[in-house]
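An overview of the molecular structure
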Amino acid sequence: MQSGDSNAFANLCQHFYPRAISFAVKLCGDVHLAEDAVQNALIRLAKTVNKLQDPGAINSWVFKLVRWQVQDLLKQQKRYQPMEGTEPLVRNDKFDDGDLAKALAKLPDIEGQVIHLFYLEGLSLKEIAKVLEIPQGTVKSRLFRARERLKQTLDSVSDSGSE
């Protein structure tokens, strides 16, 4: 694929697109912004894939590109606030279903990202560290903290539901 095979790149995009969209929505909560970010990330990937030294690092590289693009688009969005009387961006309420989704939504952003990348995307701690640009030890501690917060939140939900 690094040699310029367009079919291989198309297959790579098809492979990563659903996972990348899911991650981008987790980061920003907006389906449209997530789609734009993923599209921008895949364009960036097309331009930089030949520079990738370790083809095994493609997972972390794609998610890092998506994360950067979401951050860039969110910064632009803050600069250009909608005019009064216009509709706000549509939010994806897919993640509002169920106690687990509500508990995940209560996590601080970085902890939610760590949980998403580890459990939903199956990335290793090393890959997550590359994506989030933080030390691997920090990933471990944030993952531990996120699990504890999730457990507490879910316990409180089940306790209040049984009364």
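Quick summary incoming for the structure in this document. (Residues numbered from 1 in each chain as written. Predicted model: local features only at pLDDT ≥ 70, side-chain atom pairs only at ≥ 80, totals over all residues. Heavy atoms only, no water.)

1. Description of unusual backbone geometry
Quick note on the threshold: The secondary structure listing takes helices from DSSP runs of H or I that are at least 4 residues long and strands from runs of E that are at least 2 residues long, numbered from the N terminus.
We note that E133 has phi near 55 degrees; this positive angle belongs to a residue other than glycine. Summarising the element assignment, E133 is placed in the loop between α6 (125-132) and α7 (136-161).

2. Comments concerning empty space enclosed by the protein
Counted only if it meets this: A pocket here means an open set of points on a 1 Å grid, computed over the protein atoms alone, that has protein on both sides within 12 Å along at least five of seven lines. A cavity is instead a set of points where a 1.4 Å probe fits but cannot get out; residues with an atom within 4 Å of a point line either one. Grid points are joined across faces, edges and corners, and a volume is the space filled by probe spheres set on the points.
A full pass over the atoms with the stated rule returns one cavity of 30 Å³ or more. Quantified by volume, the largest cavity comes out at close to 40 Å³. K26, L27, D109, G112 and Q113 are the residues that line the largest cavity. Secondary-structure elements contributing two or more residues to the lining of the largest cavity are α1 (6-28) and α5 (109-120). Top contributing element to the lining of the largest cavity by residue count: α5, with three residues.

3. Concerning the packing of aromatic side chains
Aromatic ring pairs are reported here in terms of the distance separating the ring centres and the angle at which the planes meet. Test applied: Ring pairs shown here join Phe, Tyr and Trp side chains whose ring centres sit within 6.5 Å, with only the six-membered ring taken for Trp; geometry is labelled stacked below 30 degrees between planes, edge-to-face above 60, and tilted in between. With a 1.4 Å probe rolled over the protein chains alone, any residue whose accessible area is under 20% of its type maximum counts as buried; one over 50% counts as exposed, and the rest are partly exposed.
As enumerated under the stated definition, the model contains four aromatic pairs in all. Ring geometry for F118 versus Y119: centroids 4.9 Å apart, planes at 85 degrees, classification edge-to-face. A relative accessible area of 25% means that F118 is categorised as partly exposed. Residue classification places Y119 among the partly exposed positions, given a relative accessible area of 46%. Put simply, the rings of F16, F23 and F63 touch in pairs and so form one group of aromatic residues.

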